[in-house]
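Breakdown of the fold
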Amino acid sequence: MDERSALVGREAERARLAQAVDRARQGEGSLLLLSGEAGVGKTRLAEEAAASSSALVLRGAASTNVVAPYGPVVAALRGYLRVQPHGLDACGPLVRHLALLLPELGEQAPASDRATIFEALRCALAEIAAGRNVLIVLDDLHWSDEVTLELLAALAQTLKEMPLTVIAVYRSDGLPRDHMLRWLRNELRRSGDLEELVLAPLGHDETGELLAGRLPGAPSPALVRALYERTQGVPFFVEEMAGALLASDRLQAGPRGLELGGDQLPVPDTIRDAVLMSAARLSPDARAAAEAGAVAGQAFDLQVVGRLATDAGLTALLRDGWIKEDGAGRAAFHHALSREALYADVPWLRRRALHRQLAELLEDGGGQSTEIAAHWLGARESSRARDALVRAARESEAVHAYRDATSAGRQALELWPEDEDSEARLEEVERYAQSAELAGDLPEALKAWRELAELRGARGEELGLAEAQRRLAAVHELTGERDAAFAARRLAVQSFAANGRPADAAAERIAMANYRRITARHSDAVELARTAAEEAGLAQRADLIARALGVQGVCTAARGETSDGIELVRSGLALALEHDLTVIAAELYQRLAVALYGSADYGRAEEALDEALGLCEADHDASTESACLTCLVYVLRERGEWLRAEELCRELIAHDNNVWVAEGILGIIRGFQGKLASARRMLVSSLAVSAPVGHFHMFVDSTAGLAYVAAADGAGDEAAQHCRALMERWEDSEDHHNSIWGLHWAAEFLARRGDRAGAHFCAEALTRIAAESGSAYAVGALAHAIGETALLEGHTDTAAQQLSRSVDLYRDLDLPFELAQVEMRAGVALAAAGERAAGLERLGSAYRSARRLGARPLASEAAREVAALGESVTARLGSRAEGDADGSGLTRREREVLRMLAVGRTNREVATELFLSPRTVDMHVRNILRKLDCRSRMEAAHRAGELGLLA
């Protein structure tokens, strides 16, 4: 093979890579994906960028046989360490974690986790790039281990702050649909970090230019055309075709340049044929070495292959450019397609023998288990390949590369005979299930845990069955399949209880009770928790007794026995504090808060949550802290502390903690504020999760919120549909708190819509809740619902009486929005009953409360009701009320500005016409967009037309 010709036709691509390296020199690094089909010149282009750069260049590549965790990145770091043996010392304690991947660094950390290893690798890259520009080329990532691709996704943002460019090269043709590279691209696109250069084949003229550089004379137009049609401009194919033509001596000089001799086109149909034509010139020693190297892999250890070939053969391959050394005792084929063609041409029996020899040599030399497994597979030695794959899975587990451990484990199990139910196979199924679960491959984890449960059950291993069912339930939880999780835990309970493990049975019953609590099946939950407490007592487990009392108490309170429920939770809390069980005490403070806000005692609920959060912070209990924060934002929403609630919701969403709960709570706040578009997006997102997982509270909250938003947006039919969904879900529950707000708001909405049946259903539901719980909140909601149905039926005196009673009850509760809501309706009813002055007073109070909260739709409605009574809105409610009455919330000046924007005036033109400064007009425009919940001037003008503000 001749020396490669100059790079042809890649000026734009070279400039793109050079720009990326130059940005890194200025401190803005990047991850750039370089893709294209096989043979198109990706590696060549990356090497050209490296050669023309003044940066420190490090290289790593994946290989067909060696799929070691972090392999390409480790290769790049190892290249740096060969030059700077102490170059990573500044990483301090993280060096011991790097040593798990690079043993030459010395002592290894006794334990680590994936996040720490990622941080150690980030530190290593930062140290290498300290004070210098660095370019890392990672090649052939279509063969990469999966944890390397996960690492690249995690590093994309960090690289922007380093003088370091990573060029990640991969073959795009034939990429499976489930390949992790597709996941990497999606992750980078989602985070706004996707920077990709797709290399296309050469055009006709560029193909001619490349041929001219490979042939001893200029090719004729006919030759260029023929080879372009055959190769489709793939540079490697063009070069191999040129070599094949020279090797066959079929070129001859013609009047317009070199032409093909003979009548037929004597060229190969495929790249493989072209490579083999060139290989036909190899000596027997070189051919034997090429075959051994091809079986060894794209990259291989020269010493190992040297045991199977002669020095003369390897020397010839190096001299003729078939392979190239990397300076560390390894070599790689000039191109993967060359290796693939040679490998396919090795006779089957010889190929199998070479694989066996290589596997034995690598085993004796302590080679990578994945590489050894690949060779045993090639040798058709399934049992030995399986053993190597099991070792490979353990090696990946050790560095928390769980996707790669899952892949190796899956291959090992596929090689295990179906009739071999040995303990070793059961252990491998269990390890595979654990790796799949940790890798996030939940469908595979479910299948594996289910298989393990069946196998343990068939062998009569009751406790093994119970443990497998417990893990199966945990994965079902992660997928939102709560019914399946409940069934699995029930089987686990039966086995634990029957085999003298009361503590484990109690723990599972507590989880089952919590499922029933979430789905508002409170009586079932109470019974499960009560039994769990008894089993925990037999096991003398104070922690489980306390947890069982907490669940029992919160569910007792939820089904209407509030004081008994609170007392049970307090008993569990006292037990936890007595035994210094900090984490469980935090959980029980959270349970206490839920029981308290179930009776609308939000002040004391917030105090309990503050206690819980303090314990979580002291004990670093992230899961309980997340639960407490979501409860706290709900409490803050009810108490009208919307600013603080929004801040906490944004924090939860930013940290990916209970996002759908935070979105549901924040969505309702946005709806109350009149930010209807964003409210709808968040509530739909929350409902999309809460409905399938059966989370009762968030389902009814999000559904009621969507009904409110639809009504505020003028979509009455949609609002009615949401009301019906809420009513149906409540009817199938034992809820005594979470649906109250939605039910009494639905009673008002449906009554005003003339839906007697719907309004009466809501009133009857609230009657049951009030009778069974006796809470002031439920009684106040019931009075509101009765007042609305009375108003619908023309009984204005009854309506005024009931709605006024509702106001009095709500005044003693910490529910400012709902108080303002019923106060506004009481004002309407009083006015209808002839008590005009009292009605206006109620309406004024409701308006002022709504304004303080920032509840614009409610403030607008109160202002409109005042106007409907023939009163001057401005005189009665103040100068801002005029804007509220028309639904916009805009001041008089803002309405003037909006009318001018609607006819196309610029801010500067508005400023001139109204004698205002441009800065003041800018402020008015921002306020208009915020108040109308619009993102552009055009959208605001459209909204103004809907509200009738342009007349």
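Bear in mind the structure is a predicted one, so any value in this text is a computation, not a measurement.

Rules used in this analysis
- Residues numbered from 1 in each chain as written.
- Predicted model: local features only at pLDDT ≥ 70, side-chain atom pairs only at ≥ 80, totals over all residues.
- Heavy atoms only, no water.
- Helix = DSSP H or I, 4+ residues; strand = E, 2+ residues; numbered from the N terminus.
- Buried < 20%, exposed > 50% of the residue type's maximum accessible area, 1.4 Å probe, protein only.
- Contact = heavy atoms within 4.5 Å.
- Areas by Shrake-Rupley, 256 points an atom, 1.4 Å probe, with all protein chains shown as cover.
- Lys, Arg positive; Asp, Glu negative; His and termini not counted.
- Charge placed at Lys NZ, Arg CZ, Asp CG, Glu CD.
- Pairing = 2+ DSSP bridges.
- Axes fitted to C-alpha atoms, helices over the stretch in contact; angles between N-to-C directions.
- Polar contact = N/O pair within 3.5 Å; in protein donor to acceptor, adjacent residues only side chain to side chain.

**Section: the overall build of the protein**
For the protein, the count of helices and strands is 48 helices and 10 strands. For the protein, with 951 residues in total, the buried portion stands at 55%. Counted over contacts in the protein with a minimum sequence separation of 6, partners at least 24 positions apart contribute 65%. Approximately 39700 Å² of the protein is accessible, and the part contributed by carbon and sulfur atoms is 48%. Looking at charge distribution, the protein has the averaged site of its 108 positive side-chain charges lying 4 Å from that of its 142 negative ones.

**Remarks on the sheet that holds strand β8 (residues 299–301)**
What links the strands of a sheet is backbone hydrogen bonding, and the strands pair in either a parallel or an antiparallel sense. Overall, antiparallel pairing links the 3 strands, which are arranged β8-β10-β9 in an open sheet. Each edge of the open sheet carries a strand with a single partner, namely β8 and β9 (323–325). Here the strands of the sheet are splayed against their neighbours by 30 degrees on average, with no regard to which way each runs. Of the strand pairs in this sheet, β9 and strand β10 (residues 330–333) are connected by 3 bridges, and their pairing is antiparallel. When the sheet's bridge partners are listed, E325 is paired in β10 with A331.

**Examining the environment of W376**
Within the secondary structure layout, W376 lies in helix α17 (residues 369–378). In this structure W376 comes out as buried when scored by relative accessible area, which is 0%. Put simply, W376 and A388 are 12 residues apart on the chain and 8.4 Å apart in space, counted from C-alpha to C-alpha. When sequence neighbours within four positions are dropped, the list of residues in contact with W376 reads R356, A359, E360, E363, E381, R384 and A385.

**Brief notes about the sheet that holds strand β3 (residues 134–139)**
The 5 strands are arranged β2-β3-β4-β1-β5 in an open sheet whose pairing can be described as parallel. Edge positions in the sheet fall to β2 (56–61) and β5 (196–198), since each has one partner strand and no second. Each neighbouring strand pair of the sheet contributes to a mean axis angle of 15 degrees, computed without reference to strand direction. When β2 meets β3, the two strands line up parallel, connected through 6 bridges. Note on β3: the bridge partner recorded for G60 is L138. Helix α1 (residues 11–25) rests against β1 (30–36), β3, β4 (164–171) and β5 of the sheet, and its axis sits at about 145 degrees to β4.

**Some points on the side chain of S686**
Among the structural elements, S686 can be located in helix α33 (residues 676–693). Of the polar contacts made by the side chain of S686, one reaches the backbone oxygen of W660; its length is 2.8 Å. Setting aside anything within four residues of it in sequence, one finds S686 in contact with W660, E663, G664, M698 and S702.

None of this, on its own, says anything about what the molecule does.
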